[in-house]
Amino acid sequence: MEQERGQFSSKVGFILAAAGSAVGLGNLVAFPVMASKNGGAAFLIIYLFFIALICYPVMMAEIAMGRNTTRNPVGAFSVLSDGSKRWRLAGMLAILTPFMIAVFYTVITVWLVVYIKEISIGGLEYLSDENTFSEVVARPSLFVYLLCLLAIVFFILLGGVKDGIERLARILMPTLALMLVLLTAFVLTLENASAGISYYLIPDFSKVNLSVINGALSQAFFSLSLGMGILITYGSYFSKQDSIPQSARMVAVADTSIAFFAGLLILPAIFAFDPNTNTDDLSTSSIGLIFSFLPKIFLSMQAAVGYVGASIVAAVFFTLVFFAALTSLVSIIEIPISCWIDELKLSRKKAVGMQALLLTLFAVPATMSLGISDFFTNFTSYGGLPKSFFDLVSDVFYETILPFVGFTVCIFCAYRWKVSGLKSELVVGDDRYEGSMLEKYINFALGTIIPVVLLVVFISTVFQIYFA
Ligand code: PHE
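From a predicted model like this one, the values you see are computed outputs, not experimental measurements. (Residues numbered from 1 in each chain as written. Predicted model: local features only at pLDDT ≥ 70, side-chain atom pairs only at ≥ 80, totals over all residues. Heavy atoms only, no water.)

## A look at the site of the ligand
Near the ligand you find 15 residues, and of these Ala 22, Leu 25, Gly 26, Asn 27 and Ser 223 are the closest. Asn 27 places a side-chain nitrogen or oxygen 3.0 Å from an oxygen atom of the ligand. In the complex, 100% of the free accessible area of the ligand, which totals 320 Å², lies under the protein chains. Elements with a minimum of two residues in the shell around the ligand: helix H1 (11-22), helix H2 (25-37), helix H11 (210-223) and helix H15 (302-343). Looking at the shell around the ligand, its residues break down into seven nonpolar, eight polar and no charged. (Near = heavy atom within 4 Å. Polar contact = N/O pair within 3.5 Å; in protein donor to acceptor, adjacent residues only side chain to side chain. Areas by Shrake-Rupley, 256 points an atom, 1.4 Å probe, with all protein chains shown as cover. Helix = DSSP H or I, 4+ residues; strand = E, 2+ residues; numbered from the N terminus. Nonpolar A, V, L, I, M, F, W, Y, C, P; charged D, E, K, R; others polar.)

This is the structure in structure tokens:
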């Protein structure tokens, strides 16, 4: 079994792969809009505060659990608690969560592929029509794209940690950063772009309230791919020679920088489109924004660069988002696979095959949830709203459960593994951790303020979504 377990080739390999997971729809779309609606730089400051004081410690704890045990989340919780059934259950939650998030993330990625295809055959104008999105998501031909996407993703995962996940990140992450910089530079040359920059960067603390603070923490947590078992698993592929605190810091910086840059792209683009944009009217949902609103923005650029020029800009943007989604998707599907390899003692080939089957089984109904099938479209209702199968999966696993998994990680590390156990892992490969301010902060906060804050976020999200 041991030789089945992969490892990243170096610290850089780990950082790129973890950043590949972290950089996703959250950075490119949700963050810019949240920042602009919630006080610009004021939101940014709160966000940075949470990244440093709450998310960074949880990130290190997750990576340390994985590296110490060289196991997937179920194995990690189980080994570190000497086989406790209750903690094994917490590990299972950290497998079920990525398993289900992968289901609806796959569906969104399929839509991105359809959009790229439409743009490349001259359909930008069609995509910017109000009704297009609901038409696209109800096309039975989505299944063809679904199969192609799954074939690509599982082919990459068959390559394993070094030749699959790490190689993908080594190619796509620099490409993504370059595309983002070029696109931002272009958008900043447009007329009225500066109005967007002011909106984004001038702090307005009057917009900050409890729900903004709650939203900033959820977004920070989600953006770093915490609470999804991802960093536990990636930690299990991380070398004992390298420093966890330093590498985690690099991932957090990369992820936050990309989110920040995405703001410099999206907001000036929106304001160049309509200088009188009221950011309060922007959709909070990343999905609505990417698929319904942004095509309109790109189309409006035809006045400056022609239809073909506007289509090229749109194609580059959607490809960028697709790359970000692909690296996130691969990272999240790897979590159950690592569990099947460790716990069921399957070969990687068999584990990948089994996961391909399981994911397809759930991704098909999720694809049918937006009009193809009545049953899955009107699947259930709660919080006073009708909900599809897709909504249900997204609400429960994406929106709600991440802070709860983060909470269990903190409680586990602080009271079961104990801060001394965590510390003994964090000093491996890092001789500066011992006695540092960071160590003192983590020893104190991991069992106190951090889990309390996460629990509050979890409870308030539950109330917002299910009992609104
Ligand atoms: N961190 C990702 C983002 O910002 C979230 C994510 C990771 C989602 C992995 C799915 C899979 O979008």
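From this point, the discussion proceeds with the structure in view.
## Some thoughts on the side chain of Arg 139
The residue Arg 139 is located in the loop between helix H7 (132-136) and helix H8 (142-158) in this model. The buried category is assigned to Arg 139, whose relative accessible area is 15%. A polar side-chain atom of Arg 139 sits 3.1 Å from a polar atom in the side chain of Tyr 126. A polar contact is formed between the side chain of Arg 139 and the side chain of Glu 135, at a distance of 3.4 Å. Not counting chain neighbours up to four residues away, the residues in contact with Arg 139 comprise Val 114, Glu 118, Tyr 126 and Ile 372. (Buried < 20%, exposed > 50% of the residue type's maximum accessible area, 1.4 Å probe, protein only. Contact = heavy atoms within 4.5 Å.)

## Focus on the nonpolar core
Burial of nonpolar side chains together is a common tendency in soluble globular proteins. Membership of the largest hydrophobic core comes to 168 residues, with the highest contact counts inside it found for Met 65, Phe 317 and Ile 333. Broken down by element, the residue count for this core peaks at 21 residues, all from H15. What Met 65 contacts, discounting residues up to four positions off in sequence, is Ala 76, Phe 77, Leu 80, Ile 232, Val 409, Phe 412, Cys 413 and Trp 417. Judged by nonpolar contacts, the second largest core, of five residues, contains Tyr 382, Phe 458, Ile 465 and Tyr 466. (Core = buried A, V, L, I, M, F, W, Y, C linked by side-chain atoms within 4.5 Å.)

## Quick word on the pattern of salt bridges
Throughout the structure, instances matching the rule amount to 13 salt bridges. For Lys 240, the salt bridge goes to Glu 425, with nearest N and O atoms at 3.2 Å. On the criterion of sequence distance, the pair formed by Lys 240 in the loop between helix H12 (230-235) and helix H13 (244-273) and Glu 425 in helix H19 (residues 418-426) is long-range, its members being 185 residues apart. Lys 240 sits in the partly exposed class, given a relative accessible area of 39%. The exposure class of Glu 425 is buried, given its relative accessible area of 2%. Linked by salt bridges that have partners in common, Lys 117, Glu 118, Glu 135 and Arg 139 make up one network. (Salt bridge = Lys/Arg side-chain N within 4 Å of Asp/Glu carboxyl O.)

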